[in-house]
Amino acid sequence: MNDTPVIGVLALQGDVREHLIALASADALARPVRRPEELAEVDGLVLPGGESTTMSKLAALFGMLEPLRERIADGMPVYGTCAGMILLADKILDPRSGQETLGGIDMIVRRNAFGRQNESFEAAVEVAGIDGGPVEGVFIRAPWVESVGAGAKVIAEHGGHIVAVRQQNALATSFHPELTGDHRLHAYFTEMVRAAG
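Quick caveat, the model's predicted, so the values are computed rather than measured.

Caption draft 1: Main features of the overall build of the protein chain. Assigned secondary structure in the protein chain consists of six helices and twelve strands. Against the globule reference of 16 Å for 197 residues, the protein chain gives a C-alpha radius of gyration of 15 Å, in line with a compact fold. Of all 197 residues assigned to the protein chain, the portion counted as buried reaches 51%. For the protein chain, restricting intrachain contacts to residue pairs at least 6 apart in sequence, the fraction spanning at least 24 positions comes to 65%. Accessible surface computed for the protein chain: about 8300 Å², of which carbon and sulfur atoms make up 48%. For the protein chain, the separation between the mean place of its 17 positive charges and that of its 26 negative charges on side chains is 5 Å.

Caption draft 2: Region of interest: the layout of surface pockets. Counted as a void, the largest pocket has a volume near 170 Å³. Lining the largest pocket we find 14 residues, and of these Gly-50, Glu-51, Cys-82, Ile-140 and Arg-141 sit closest to its centre. Of the residues assigned to the lining of the largest pocket, the class counts are five nonpolar, five polar and four charged.

Caption draft 3: Here's a closer look at the environment of Arg-141. With respect to the element layout, Arg-141 can be found in the loop between β8 (135-139) and β9 (144-148). Its relative accessible area of 26% is what places Arg-141 among the partly exposed residues. For the pair Arg-141 and Glu-119, spaced 22 residues apart in sequence, the C-alpha separation works out to 7.5 Å. Leaving out residues up to four positions away in the same chain, Arg-141 has contacts with Glu-51, Cys-82, Asn-112, Gly-115, Arg-116, Gln-117 and Ser-120.

Caption draft 4: Summary view of the side chain of Thr-101. By the element assignment, Thr-101 lies in the loop between β5 (89-92) and β6 (105-110). Engagement of the side chain of Thr-101 in a polar contact is seen with the backbone oxygen of Ala-89, the distance being 2.9 Å. For Thr-101, the contacting residues outside a window of four places in its chain are Arg-69, Ile-86, Leu-87, Ala-89, Asp-90 and Ile-92.

Caption draft 5: Highlighting helix α3 (residues 52-61). Restricting attention to buried positions, one finds in α3 the residues Ser-52, Thr-53, Met-55, Ser-56 and Ala-59. The arc enclosing the buried residues of α3, seen along the axis, measures out at 165°, which places them on a common side. In this structure, the buried residues of α3 make contact with α4 (65-73) and α5 (83-88). The N-cap of α3, judged by a side-chain oxygen 3.2 Å from the amide nitrogen of Thr-53 a few residues on, is Glu-51. Backbone geometry just downstream of α3 places Gly-63 in the positive-phi region, at approximately 70°.

Caption draft 6: Quick look at the pattern of salt bridges. The final tally for this structure, using the stated rule, is eleven salt bridges. Salt bridges sharing partners connect three or more residues here, namely Asp-3, Glu-191 and Arg-194.

Caption draft 7: View of unusual backbone geometry. If you check the backbone angles, Asn-112 has positive phi at about 45° while not being a glycine. Checked against the element boundaries, Asn-112 lands in the loop between β6 and β7 (121-125). Take Asn-112: its relative accessible area is 31%, and that puts it in the partly exposed class. Positive phi outside glycine occurs at Arg-141, with the angle close to 45°.

Caption draft 8: The side chain of Ser-174, seen in detail. Structurally, the position occupied by Ser-174 is in the loop between β12 (170-173) and α6 (184-196). Among the polar contacts made by the side chain of Ser-174, one reaches the main-chain carbonyl oxygen of Pro-143 at a distance of 3.3 Å. Ignoring sequence-local partners within four residues, the contact set of Ser-174 consists of Cys-82, Met-85, Phe-139, Ala-142, Pro-143, Ile-162 and Val-163.

Caption draft 9: Expanded view of the pairing of strand β10 (residues 153-158). Note: β10 against strand β11 (residues 161-167), five bridges, orientation antiparallel. Bridge pairing in β11 places Val-154 opposite Val-165. Hairpin geometry of β10 and β11 is characterised by an intervening segment of two residues between the two adjacent antiparallel strands and by a positive phi of about 60° at Gly-159.

Rules of the game
- Residues numbered from 1 in each chain as written.
- Predicted model: local features only at pLDDT ≥ 70, side-chain atom pairs only at ≥ 80, totals over all residues.
- Heavy atoms only, no water.
- Helix = DSSP H or I, 4+ residues; strand = E, 2+ residues; numbered from the N terminus.
- Rg over C-alpha atoms; globule rule 2.2 N^0.38 Å.
- Buried < 20%, exposed > 50% of the residue type's maximum accessible area, 1.4 Å probe, protein only.
- Contact = heavy atoms within 4.5 Å.
- Areas by Shrake-Rupley, 256 points an atom, 1.4 Å probe, with all protein chains shown as cover.
- Lys, Arg positive; Asp, Glu negative; His and termini not counted.
- Charge placed at Lys NZ, Arg CZ, Asp CG, Glu CD.
- 1 Å grid on protein atoms, 1.4 Å probe; cavity = no way out; pocket = protein on both sides within 12 Å on 5 of 7 lines; lining within 4 Å.
- Points joined across faces, edges and corners; volume = space filled by probe spheres on them.
- Nonpolar A, V, L, I, M, F, W, Y, C, P; charged D, E, K, R; others polar.
- Polar contact = N/O pair within 3.5 Å; in protein donor to acceptor, adjacent residues only side chain to side chain.
- Arc of directions from axis to C-beta.
- Salt bridge = Lys/Arg side-chain N within 4 Å of Asp/Glu carboxyl O.
- Pairing = 2+ DSSP bridges.

Right, dumping it as structure tokens:
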């Protein structure tokens, strides 16, 4: 890999464009990924916010579930925000019928834990490993992490709840950093992809 990693954004549903913009500003070559052959061409992948049940069903429909699981299991760097965090969980506390995860982080996640759409909020979040002060987190029907296993490292909490976790090449936040114009988390992830390459 040259110095500019190719990072995909899973473009089945959710706030894809905002992630593409944030990644480009973090000096990555960003592209949407919808099909297995597009997945094969990226060095890392962002799983955006959206509706986790819909995303898992669309991934199955597009023949993406198994290729995604395989690439993540093989160590491809992956970053999930909000619904993407739910997709990366090894276990969901209250899954919807037919909802599947990709796994990758030894954590148990509770969906919509911070409340409904009208209870969305912004908060400053101190994230371990991110320099320059807290990041502005946008929480929209956000999950939180109930617990993590031995392999996963908690890197941020808010209101006594775990809101960011890293396990080797997998990163997850319950909030949306792509909606704020602060692209430090995307830069951090881009560095993870570079290091893995």
